[in-house]
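Here are the chains, one letter per residue:
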Amino acid sequence: MSESKSFEEKLQQLEAIVSQLEKGDRPLEGALTDFQNGVELVKELQTTLKNAENTLAKVMDDNDNLTDLELTND
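Predicted model only: the values in this text are computed from it and were never measured.

J.: Which residues make up the packing of helix α1 (residues 7-23) against helix α2 (residues 28-56), and what values do they have?
T.: For the pair α1 and α2, the least separation of the axes is 9 Å and the interaxial angle reads 150°. In terms of crossing hand, the pair formed by α1 and α2 is left-handed. Contacts from Phe-7, Lys-10, Leu-11, Gln-13, Leu-14, Ile-17 and Leu-21 in α1 reach Ala-31, Asp-34, Phe-35, Asn-37, Gly-38, Leu-41, Val-42, Glu-44, Leu-45, Thr-48 and Leu-49 in α2. Grouping the constituent residues of the contact of α1 with α2 by class yields eleven nonpolar, four polar and three charged.

What follows is the structure in C-alpha cells.
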C-alpha cells in the first residue's frame, strides 16, 4: 500500500523529471517513461490546484454551509 504524496512532493518529483529530461543524457525509452510520468504529475497537480481554487472561492454562511464567494466593489 503506497502513501499518497503531497502537492510539494509531486512538484519536486516533476522538477527532477524536467531536470533529467533537459540534460538529454537518458536513453530514449527512459526519457519517454519520464515524460509520461511527468505528464501524469502535471495532471494531478492541476487537479489539486483547481480543487484548492474552488475551495477558496467559497465561504461559510451562518448555517455552516459553503456558498460561492461574491465579490463586490462597495
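J.: Describe in detail the pattern of salt bridges, supporting the description with residues and values.
T.: Under the counting rule described, the total for this entry stands at three salt bridges. The shortest N-O distance in the salt bridge between Glu-44 and Lys-10 comes to 3.1 Å. Highlighted residues: Glu-44 in helix α2 and Lys-10 in helix α1, separated in sequence by 34 residues. Linking Glu-53 and Lys-50 is a salt bridge whose minimum nitrogen-to-oxygen distance equals 3.3 Å. In this pair, Glu-53 and Lys-50 are both assigned in helix α2, three residues apart and thus about one turn of the helix distant. Residue Lys-50 is classed as partly exposed on the basis of its relative accessible area, which comes to 45%.

J.: Describe the environment of Asp-34, and please don't skip the residues or the numbers.
T.: Residue position: Asp-34 is located in helix α2. Judged by relative accessible area, which is 13%, Asp-34 ranks as buried. Once the C-alpha coordinates of Asp-34 and Gln-20 are considered, the two residues, 14 residues apart in sequence, prove to be 8.5 Å apart. Setting aside residues up to four positions removed in sequence, Asp-34 forms contacts with Ile-17, Leu-21 and Arg-26. A distance of 2.8 Å separates a polar atom in the side chain of Asp-34 from a polar atom in the side chain of Arg-26.

J.: Run through α2, naming residues and quoting values.
T.: Helix length check: α2 (29 residues) gives 42 Å between terminal C-alpha atoms against 42 Å at 1.5 Å per residue, within 8%. Within α2 the residues assigned to the buried category are Gly-30, Ala-31, Asp-34, Gly-38, Leu-41 and Leu-45. Close packing links the buried residues of α2 with α1.

Definitions and limits used
Residues numbered from 1 in each chain as written. Predicted model: local features only at pLDDT ≥ 70, side-chain atom pairs only at ≥ 80, totals over all residues. Heavy atoms only, no water. Axes fitted to C-alpha atoms, helices over the stretch in contact; angles between N-to-C directions. Helix = DSSP H or I, 4+ residues; strand = E, 2+ residues; numbered from the N terminus. Left-handed = near helix turned anticlockwise from the far one by under 90°. Contact = heavy atoms within 4.5 Å. Nonpolar A, V, L, I, M, F, W, Y, C, P; charged D, E, K, R; others polar. Salt bridge = Lys/Arg side-chain N within 4 Å of Asp/Glu carboxyl O. Buried < 20%, exposed > 50% of the residue type's maximum accessible area, 1.4 Å probe, protein only. Polar contact = N/O pair within 3.5 Å; in protein donor to acceptor, adjacent residues only side chain to side chain. Expected span 1.5 Å × (residues − 1).

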